[in-house]
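Now for the letters of each chain:
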Amino acid sequence: MRNSTPAWVRVPLLFFTVFLLMEFFIDSGDQPAFIAYPMTAYFLILVLLLLIAIELILKSIENVMYQTLSEEAKARYTEAKSESWEWAWGKRMYQKLLGSRPIEEEGEIILDHNYDGIRELDNRLPPWWIYLFYITIVFGVVYLVRFHIFNDYDQKTEFEQEMAEARMAIEEYKKTAKDLVDANTVELLTEASDMKAGKVIFETNCAVCHMNDGGGGIGPNLTDNYWILGGGIRNVFNTVSEGGRSGKGMVPWKATLKPNEMAQVSSYILSMQGTTPANPKDPEGEIWIDENAPAEEVQAGESPITVDSVAVETTMGEEAVQPEDLEE
């Protein structure tokens, strides 16, 4: 009987196996399971105590059985226990990778050089070192041909590719982490799910001052083109987040609503532009025009500029044209 793996190796090995299995099967997000769910920490302590108890019980049983043996059997058992297990295949591979001669054969490779009794062995370089050296040579040749002869991508191209991949990864991350937006990065939301969520937030928190249809009450009308603190998604988001004018106006909602919720309700507010409320409040503030928006024709409903009088000098004579002579 050969000596098996000692208990001080078995217990930690089994314990960490249980720990890894628990972390694999329990979904705890970015935190370890024993931190996210404290009950699992008690489970691990119980497992550790149970493993130690099993080892103690096995040791006790082995000791009791040993005491029942005869003196001759005890001697054979002790001798068998003292035999150490060897991994023969691993030992052979180690010797092959090392490539050195055993001590018994050192007399065949010893050199004649003698320095005050110190003599030199002519051992070969380890095969793993030689093979690694050959690999570096092959790598150097491939690198030279690829980058210096065929002019493959350079560091600048690689940097630009990695930056593009990073930007794509950030955009993908933002899709699932919408609460990272602020007044500088918020964008107008148009999906039906966002509009529905924004409507619920508006009717729950904003309608008491602005009415359900946005026509205005205590607060201003949200359906016209007049804004007190500026229009557009970023200005509206900032107003919702930071509140209205100091001393008057609405309170800041950043402590109550998440950034994504403020983006949803701001987008819903902007969707009210141009609607007709039941009892619209008179305009407040100034007309807001987005400077970044493309130039558009005069919108329907706006009054065209009229001319009260026109005096046009003709290049063919001195007579002035009167307004009544102009065709309508």
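Residues numbered from 1 in each chain as written. Predicted model: local features only at pLDDT ≥ 70, side-chain atom pairs only at ≥ 80, totals over all residues. Heavy atoms only, no water.

Colleague: Would you take a moment to explain the packing of helix α8 (residues 192–210) against helix α10 (residues 259–271) for this structure?
Modeller: To describe two helices that pack against each other, one gives the angle between their axes and the distance between the axes. Between α8 and α10, whose axes approach to 7 Å, the crossing angle comes to 90°. For the element pair α8 / α10, the angle class is roughly perpendicular. Note on element contacts: α10 touches α8 through Glu261, Gln264, Val265, Ser267, Tyr268, Ile269 and Ser271, opposite Asp194, Met195, Ala197, Gly198, Lys199, Ile201, Phe202 and Cys206. Grouping the amino acids of the contact of α8 with α10 by side-chain chemistry returns eight nonpolar, four polar and three charged. (Axes fitted to C-alpha atoms, helices over the stretch in contact; angles between N-to-C directions. Helix = DSSP H or I, 4+ residues; strand = E, 2+ residues; numbered from the N terminus. Parallel < 35°, antiparallel > 145°, perpendicular 65-115°, else oblique. Contact = heavy atoms within 4.5 Å. Nonpolar A, V, L, I, M, F, W, Y, C, P; charged D, E, K, R; others polar.)

Colleague: Just to check I follow, could you spell out a nonpolar patch on the surface for this structure?
Modeller: Side chains of Leu97, Leu125, Trp128, Trp129, Tyr131, Leu132, Phe133, Tyr134, Ile135, Ile137 and Val141 sit close together on the surface and give an oily, nonpolar patch of about 1,200 Å² of accessible area. Here leucine 132 shows up in helix α6 (residues 127–149). (Patch = residues over 30% accessible without salt bridge, like charges linked within 9 Å, V, L, I, M, F, W, Y side chains within 5 Å. Areas by Shrake-Rupley, 256 points an atom, 1.4 Å probe, with all protein chains shown as cover. Salt bridge = Lys/Arg side-chain N within 4 Å of Asp/Glu carboxyl O.)

Colleague: Help me understand the state of the cysteines, please; the structure alone is not making it clear to me.
Modeller: Two cysteines form a disulfide when their sulfur atoms are joined by a covalent bond. Overall, the coordinates contain zero disulfides when judged by the stated rule. Just so you know, cysteine 206 is unpaired, no disulfide at all, and the nearest cysteine sulfur is the one on cysteine 209, 8.4 Å from it. Looking at cysteine 209, the relative accessible area reads 29%, which means it is partly exposed. (Disulfide = S-S within 2.5 Å. Buried < 20%, exposed > 50% of the residue type's maximum accessible area, 1.4 Å probe, protein only.)

Colleague: Any chance you could explain α8 here in plain terms?
Modeller: Two residues of an α-helix separated by three or four positions point the same way, owing to the 3.6 residues in each turn. When the terminal C-alpha atoms of α8 are compared, their 22 Å separation across 19 residues is substantially less than the 27 Å that a helix rising 1.5 Å per residue should span. Residue threonine 204 marks the point of greatest curvature in α8, where the axis turns by about 50°. Considered for burial, the residues of α8 that qualify are Asp194, Met195, Gly198, Ile201, Phe202, Cys206, Ala207 and His210. Contacts from the buried residues of α8 go to α10. Of the residues flanking the end of α8, it is methionine 211, one or two places downstream, whose phi is positive at about 70°. (Expected span 1.5 Å × (residues − 1). Bend = angle between axes of the 7 residues up to and from the residue.)

Colleague: Looking at this model, I keep getting lost on unusual backbone geometry. Mind explaining?
Modeller: Most of the time, phi is negative for any residue but glycine, and the peptide bond is trans. We note that aspartate 116 has phi near 55°; this positive angle belongs to a residue other than glycine. Tracing the sequence through the fold places aspartate 116 in the loop between β1 (110–115) and β2 (118–121). Phi is positive for asparagine 151, which is not a glycine, with a value near 50°. Among the secondary structure elements, asparagine 151 is positioned in the loop between α6 and α7 (155–176). A relative accessible area of 59% places asparagine 151 in the exposed class.

In short, the description is geometric, and any link to function would need to be established separately.
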